[in-house]
Amino acid sequence: MQLLPLVFFFLLLTSFFQLSSQSFRPVASINRDGQTSLYIVNLFAPIPWGFDAEASKHFVVDINAPFSWYMCWEDNDPYRPPFACTSQECNQGRTYLSPMCQSTNNTLVNGQCYCSVTPTNPVTNACASSLLTHMDLNVPWTGTGHHVSGHLSFSDVCISCAPGSLWQLPNNVSLPDYVAGLASLSWSPLSLATQFTPAYLGVGRKFAICLPGEAEGSGVLFFGDGPYYLMQFRADIRRLLSYTPLIRRDNISVEYYIGVEKILIQGEPLKMKHGTFDFDGKGNGGVMLSTVVPYTILRSDIYHAFLKKFSKATHGYPIVHKKIHPFGLCFNTTQHRPTRVGLPFPRVDLALRNGTNWRMFGANSMKEVRKGVACLAFVDGGKTAKQAVVIGSHQLEDNFLQFDLDSSRLGFSSSLLAHGTNCGNFNFTSDAPDFPWG
């Protein structure tokens, strides 16, 4: 009988060490907005009385924004104290002043100098001068990578206030009216990719994102390293990843680029000049990833070669001749039976410089615009496009991507549908008690 207390103590001690050995990795759900095709990450930001509590949970995902921002309390005033002009955060934020805004000076209030930055709407490129400030954000966390284990509270997250004018735009082209602001996941030290992976969590400066492919589906955003588990796939998703270097345009750029050697349609390369996808002497060109551009944009010389090659590979497929904006080639698909990786159209491959290959099947290369009609989901960016290619969010859907900022590399899975799972299969049901942290 005396052994029972010792056994109980041993089990309690074992459970404690198992819990303490887990890494506290923030994790959040992602949904797609049907009207704008933007992706919304669900966080929770306590806000002043009178604001929409539901809207305070939703932030547009932008992997290339220099910092996050939220709608100001009133006029251009944050509801938390702004950063001083002399702070490190201010120096970092003012590194990324938008060239589309007029010169932005810091703000003097009662003799105090406060930090002004330029939050930007990624849909319209409209920007405004506003104050860099603090916010508390609450997120779930996972210890094992299988499910939510509890919640974390991050206090004093560096974020910009943004005036309501960034929502009030012509032609109703704007951000969803139910969002609180924008969540940055860029290279910047002010992005959530850095602020949600502090040294005390011991998780490494990485994040993994999986965008949902279904209009009403959900996806997942992990901060820190794996393991990562999605239901219906009985192993760590990292087993599916291939890797390629992440490239920066220059030392202060915050966008994510990858090195593409060539594009192939059904194994046949486009006939392009050597260096077509490289940066030029002015920093233009390159192949950038984006979560706010809905379809992959190709500079005109690349687009026309792409369209010619794809048309040849689909010779005999019934074409829809009526123009469907913004696409250049659409098909009648009533006679096409979908496969588990989408409509049976020619595959598209990005041959990367390090020898790896990013394959796109019909689910990512084609967009079903209505029943029986699908369009090639690559669009013409014009002759003077700043980037050679911008890989849009449709091409990223149901692909698992890990951004390793410390090692400057991207892990990518190609379509998870080929492996019987998708981005909506993370278990957000918590079966463990909350663990206070932050």
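Since this is a predicted model, take the numbers as computed values, not measurements.

**Quick look at the pattern of salt bridges**
Stage number 1. The final tally for this structure, using the stated rule, is 13 salt bridges.
Stage number 2. Arg32 serves as the salt-bridge partner of Glu397, at 2.5 Å between the closest nitrogen and oxygen. Taken together, the residues span a long stretch of sequence, with Glu397 in the loop between helix 6 (393-396) and strand 27 (399-404) and Arg32 in strand 1 (residues 25-32) at a distance of 365 residues.
Stage number 3. By relative accessible area, which is 6% here, Glu397 ends up buried.
Stage number 4. Here Arg359 makes a salt bridge to Asp349, at a shortest N to O gap of 2.7 Å. Here the residue Arg359 occupies a position in strand 22 (residues 357-360), and Asp349 occupies one in strand 21 (residues 348-352), the gap between them amounting to 10 residues.

**Quick notes on the side chain of Gln195**
Stage number 1. Structurally, Gln195 is set in helix 3 (residues 192-195).
Stage number 2. Since its relative accessible area comes to 19%, Gln195 is described here as buried.
Stage number 3. Apart from residues no more than four positions distant in its own chain, Gln195 is found in contact with Phe154, Val157, Cys158, Pro189 and Leu190.

**Describing the packing of aromatic side chains**
Stage number 1. Enumeration according to the criterion identifies 21 aromatic pairs in this entry.
Stage number 2. Sitting over the face of the ring of Tyr243, Arg409 holds its NZ or CZ atom 3.7 Å from the ring centroid.

**Things to note about the state of the cysteines**
Stage number 1. Taken as a whole, this structure holds six disulfides when the rule is applied.
Stage number 2. Put simply, Cys90 and Cys115 are joined by a disulfide, and their sulfur atoms are 2.3 Å apart. Measuring the twist about the S-S bond at about 90°, one finds the Cys90-Cys115 disulfide to be right-handed. Of this pair, Cys90 sits in helix 2 (residues 88-93) while Cys115 sits in the loop between strand 6 (112-114) and strand 7 (116-117); the two residues are 25 residues apart in sequence, bridging distant segments of the chain. An identical accessibility class is assigned to Cys90 and Cys115; each is buried.
Stage number 3. The partner cysteine of Cys210 in its disulfide is Cys423, sulfur to sulfur 1.9 Å. The chirality of the disulfide connecting Cys210 with Cys423 is left-handed, given an S-S dihedral of about -75°. Note that Cys210 is positioned in strand 11 (residues 206-210) and Cys423 in the segment after strand 28 (409-415), a separation of 213 residues in sequence.

Reading the values: the criteria
- Residues numbered from 1 in each chain as written.
- Predicted model: local features only at pLDDT ≥ 70, side-chain atom pairs only at ≥ 80, totals over all residues.
- Heavy atoms only, no water.
- Salt bridge = Lys/Arg side-chain N within 4 Å of Asp/Glu carboxyl O.
- Helix = DSSP H or I, 4+ residues; strand = E, 2+ residues; numbered from the N terminus.
- Buried < 20%, exposed > 50% of the residue type's maximum accessible area, 1.4 Å probe, protein only.
- Contact = heavy atoms within 4.5 Å.
- Phe/Tyr/Trp six-rings, centres within 6.5 Å; stacked < 30°, edge-to-face > 60°.
- Lys NZ or Arg CZ within 6 Å of the ring centre and 35° of its normal.
- Disulfide = S-S within 2.5 Å.

Function cannot be inferred from these measures alone, as they are strictly geometric.
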